[in-house]
Structures are given as structure tokens and as C-alpha cells.
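Remarks on the overall topology
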Protein chains: 2
Amino acid sequence: MSTRNIKLTIQYDGTAYHGWQSQRNADTVQQQISESIERLTTRPVRLFGSSRTDAGVHALGQVAHFHIDCPVPTENFRKALNKILPDDIVITDVTEVAPDFDAIKDTRSKRYRYTICTAKVPPVMQVRFCWHRPGTLNAEAMQTAAACLIGRHDFKSFASAADKRQSSVRTILGSSVQGEGPWIYYEVEADGFLYNMVRNIVGTLVEIGRGRWRVERMQKILAARDRTLAGSLAPACGLCLLEIRYDSDDRIEE
Amino acid sequence: MSTRNIKLTIQYDGTAYHGWQSQRNADTVQQQISESIERLTTRPVRLFGSSRTDAGVHALGQVAHFHIDCPVPTENFRKALNKILPDDIVITDVTEVAPDFDAIKDTRSKRYRYTICTAKVPPVMQVRFCWHRPGTLNAEAMQTAAACLIGRHDFKSFASAADKRQSSVRTILGSSVQGEGPWIYYEVEADGFLYNMVRNIVGTLVEIGRGRWRVERMQKILAARDRTLAGSLAPACGLCLLEIRYDSDDRIEE
């Protein structure tokens, strides 16, 4: 039979994993899913995930694809994989896509959310999914600073040194902060992100939110293209990959 | 120095624990907190918790008290204990109370919430705190059935056989179901609960919500005082102790 191209939409609580990407001697999300597919289909599988989320980072909308020549009906894949997978990884959608669909290369944009809890005591039911940072933050100042990142810019100031990609120019499509009681949410959508970019932006926003830096400083840090100027890296546990968008999304949904 | 009586308000994610009550060879919430107090004060401590929550049950408002003759200021207790305790147990409040305050005997009422998720796929970020039960439930029918439990009744039909207390008469002060998208919340407040009472009520409400039993059946089950008639026991992970109220609450808050 002919080879099918399968697209997975995936949610995970990243707390227990060393990130998405398979590594020697470390438990990763990619490995858990690949092994589950192999167990189910008894065929070797190469799984390509759109975002290589770091250790401790979560996802509500990771996307991956793999090629396979097994006859399992698409809908059965979801149920069967969820039975095999541990509770902290869930496949929410399985679709058979065009043979040339590539979860990594075809990505049009990615959307992340970062969650901060400013309450005095850690929120025991959300503690895995937020940065617990007691102390008031000025959400309005953070929102003003966040908005000035929108557009096509060189984000070198917000990339960690480990990022070896040639260009640090990206386009941020949306960047906004919302406060709700003790909670601060930062949402950002871009055509791509540099290594640790969201967490470095959040570290900077927090310096502004706590009043140590003025709102205008965000613009200066961005313009400087200097990694030493941004705030410190915010913890992984507050970060969640919400959604990956594709050029083919409209086509698939039709 | 004189002995002080300390009241703790406690939140926990019960997933990793064999319930509240200390047991041989099992990790419990009571044990974790007692040991933390002993480590902090270097004094032996007996901790009395208002609710002996079962294995896997959570709490946002458990209350406990203990007597101690150590000079640590009350506010420092909270911070110091939270540093020692694991991430899934949090002390939210520490108050010095009247010498005769008793977290168990003085309880006026307890309030629980039970959470059901009816979505097709498990909600990865809330999976520890709900019963994932795919399939539509009629929240209105459940609400009508829940409301008829309010008042002073013999709740023998909803007690597990392990309950050895003499009287099974209790007063339910509030009992209501709310639906919000795929989520169903049941909240119940009473002057006391029989063993597994909330989870047995939820098991019964679900039979009504899925349409297998009529709304009127709740009234019949209650009147029958027969343990074999109620629905099956709902899983522990959906249950959360929200609040304990005391006669002394007004006095303390003044």
C-alpha cells in the first residue's frame, strides 16, 4: 500500500520531560510519541515536530507529522495512541494530509502564552503551568512595552547565545499582556522564534512590570541588538505553545 | 513560654499522596506537614486536620491545628514551612487561635467541589483535578436532582460501607450543578459528610446526567436509605475540599 502522511496535534504537560526533541538517556515527548506509534504499527517512524520546546515547556497545540504505510484508519490512531501514551501527553487530532505537508517547513506562525502568578502563595493547582513570582506587576506598563515588539525586527537582543541560526530577523504578528487578578498572561505570535526568545522577552517585561525599568527601555533593548541588555530568562514552566498555523490550514479545513 | 495553638489553612494537589491521614509506609499530606513543622521547630507535633481526605483527593481550604511552645512568629511559619514542603502542598494561612480551638470538633460546615470534564480528549493541564468522562451530560437534570438533597436527611444511601459512624443524618446547606462548556461542576456544603458521600452523590448525578436514570430517582434513592441503590463511586481525582467554616470564624476575623 502507499505511504500516508499523518499530521498530529498534541498537548502535553512538559514538567516530566526533557523537552520535545529526542536525546540520549533522557525522556522526551518526541520519543514517547514515536515509540507509541511504533508499538501500535510495528513500523519504524520518524516524527517531525514543528517546535522543539525546551525542558519543562508545555503545549496545547504542538504539531508533528510522520510518514507511514500502515492501514490503521486515521480516527483510530488518536484513540489507540492516547491509550498507550502517558497521561501527560494527549493527541487531540489526527489528520491525513497531502504527501508534501511538512510540520516544520510549512509553519506560517506559532503562538505562545506565558503565565505569571503574582499571588503571595503558589497556586497549587496551576503551579506546574506558571511562573510563581510574588509581588505586584504593572500589567499596563508591560502591555505598552509588549506592543512595541510587533512587526519585522532583528530580535538578537532576545536570543540566547546558543542560537546559531544565521538571521535573527523575525516578524511578530501579535504581542500583548493581560492582567486578571493575580495572573499576568503574555501572548505572542510570530513567523518564528529565536532560541529562548519568548522567555527572554518575559524576563524583560517583568523588569518593566515591577518598575525597575521604564517602558521605553524595551524599544532601546530591541534596537541595540545586544544579548546582554535584556532581562533574565524567565522559567520554562510558565511557557506554553498554544498553536501552530500553516499555509495549508484553509485547504485542510475545507 | 506558654503553649500556642496554631491554625493552618492548606492547599494540596493530592495526586501523589495516600490521602490526608498518616499511615504506616505511605506518604500522606498530614505526615509531610507534621515532619516539616518538626524540622522547623525541633519539637514533636500532633497535627489535627478537619477533613481526612482520601487518596488522590485535593484541597484548596483544608484546615488543621497543632499546639506548640516554640517562639517562631506566626507569619514566619508560613514562609518557612512552604520552603520545606514539596511543591504540591502549600500553607496559605497561619493564625494563632484561642487555646480551645479544635480544627475537627469546631467545624460548622465543609464545602467540596467535584469537577467532571466531558470533552472527547483529556484536558492535559487539568487532568489531575477532574474526572475525564467523555460524553454529553445534561447539567440541568443534574442540577434539579442535586437540589433535592438540600436539607436535613439520612444520607445512608450515599455512604460507603466502610463508614462506621452511628448516625448517617447530615444537613446539606447547598448542593448545585453548573455546566460550562465541556465542564460540569458540582458544589456541596454540609455540616458533615459520610465516608465517600460526595463521590457517591456524583456517581448518582452522572447516571441522571447521561439519561440512564430519571431526575426523580434521586429522591427515591435518598428515601430508601439503601447503599446498593446509588450510582457507583466517582473517581477521587475530581474531588476538591474547598473550604471549612467554623463558629469562631467571625471572632477570628475581627
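Residues numbered from 1 in each chain as written. Chains lettered and ligands numbered in written order. Predicted model: local features only at pLDDT ≥ 70, side-chain atom pairs only at ≥ 80, totals over all residues. Heavy atoms only, no water.

A short note on unusual backbone geometry
Residues and elements named next belong to chain A. The residue Arg-225 is not glycine, and still its phi comes out positive at about 50°. Secondary-structure assignment places Arg-225 in the loop between α5 (217-224) and β10 (239-246). We classify Arg-225 as partly exposed; its relative accessible area is 41%. (Helix = DSSP H or I, 4+ residues; strand = E, 2+ residues; numbered from the N terminus. Buried < 20%, exposed > 50% of the residue type's maximum accessible area, 1.4 Å probe, protein only.)

Some thoughts on the pattern of salt bridges
The tally for this structure, following the rule as stated, stands at 28 salt bridges over all chains. With its nearest N and O atoms 2.9 Å apart, the salt bridge here joins Arg-245 of chain A to Glu-189 of chain A. With Arg-245 of chain A in strand β10 and Glu-189 of chain A in strand β9 (residues 183-190), the pair connects residues that are 56 residues apart, well separated along the chain. With a relative accessible area of 29%, Arg-245 of chain A lands in the partly exposed category. Where Arg-245 of chain B meets Glu-243 of chain B, a salt bridge forms, and the shortest distance between an N and an O atom there is 3.3 Å. Here the salt bridges share partners, and the residues they tie into one network are Arg-111, Glu-187, Glu-189, Glu-243 and Arg-245 of chain A. (Salt bridge = Lys/Arg side-chain N within 4 Å of Asp/Glu carboxyl O.)

Some points on the layout of surface pockets
Quantified by volume, the largest pocket comes out at close to 880 Å³. Ser-50, Ser-51, Arg-52, Thr-53 and Lys-110 of chain B are, among the 40 residues lining the largest pocket, the residues nearest its centre. Of all the secondary-structure elements, those providing two or more residues to the lining of the largest pocket are α1 (29-41), β2 (48-49), β5 (107-117) and α4 (197-209) of chain B. Each of domain 1 (4-105) and domain 2 (108-242) of chain B contributes no fewer than three residues to the lining of the largest pocket. By volume, the second largest pocket is sized at about 760 Å³. Residue lining of the second largest pocket: 33 residues in total, with Arg-52, Lys-110, Arg-165, Phe-193 and Tyr-195 of chain A positioned closest to the centre. If you list the elements that add at least two residues to the lining of the second largest pocket, you get β5 (107-117) and α4 (197-209) of chain A. Partitioning the lining of the second largest pocket into residue classes produces 12 nonpolar, 11 polar and 10 charged. Looking at which domains feed residues into the lining of the second largest pocket, each of domain 1 (4-105) and domain 2 (108-242) of chain A gives three or more. (1 Å grid on protein atoms, 1.4 Å probe; cavity = no way out; pocket = protein on both sides within 12 Å on 5 of 7 lines; lining within 4 Å. Points joined across faces, edges and corners; volume = space filled by probe spheres on them. Domains from an automatic or database assignment. Nonpolar A, V, L, I, M, F, W, Y, C, P; charged D, E, K, R; others polar.)

A closer look at the domain arrangement of chain A
Residue and element names in this part refer to chain A. If you check the domain split of chain A, you get domain 1 (4-105) and domain 2 (108-242). For domain 1 and domain 2, the distance between their C-alpha centres works out to 27 Å. Contact residues are listed per partner, giving 14 residues for domain 1 and 14 residues for domain 2. Linking domain 1 with domain 2 are two salt bridges, by the criterion used here. Asp-13 is the partner of Arg-128 in a salt bridge, and the nearest nitrogen-oxygen pair spans 2.6 Å. Run the count over domain 1 and domain 2 and you get 13 residue pairs in polar contact (both at pLDDT 80 or more). Here the residues of the side of domain 1 that touches domain 2 sort into four nonpolar, eight polar and two charged. (Contact = heavy atoms within 4.5 Å. Polar contact = N/O pair within 3.5 Å; in protein donor to acceptor, adjacent residues only side chain to side chain.)

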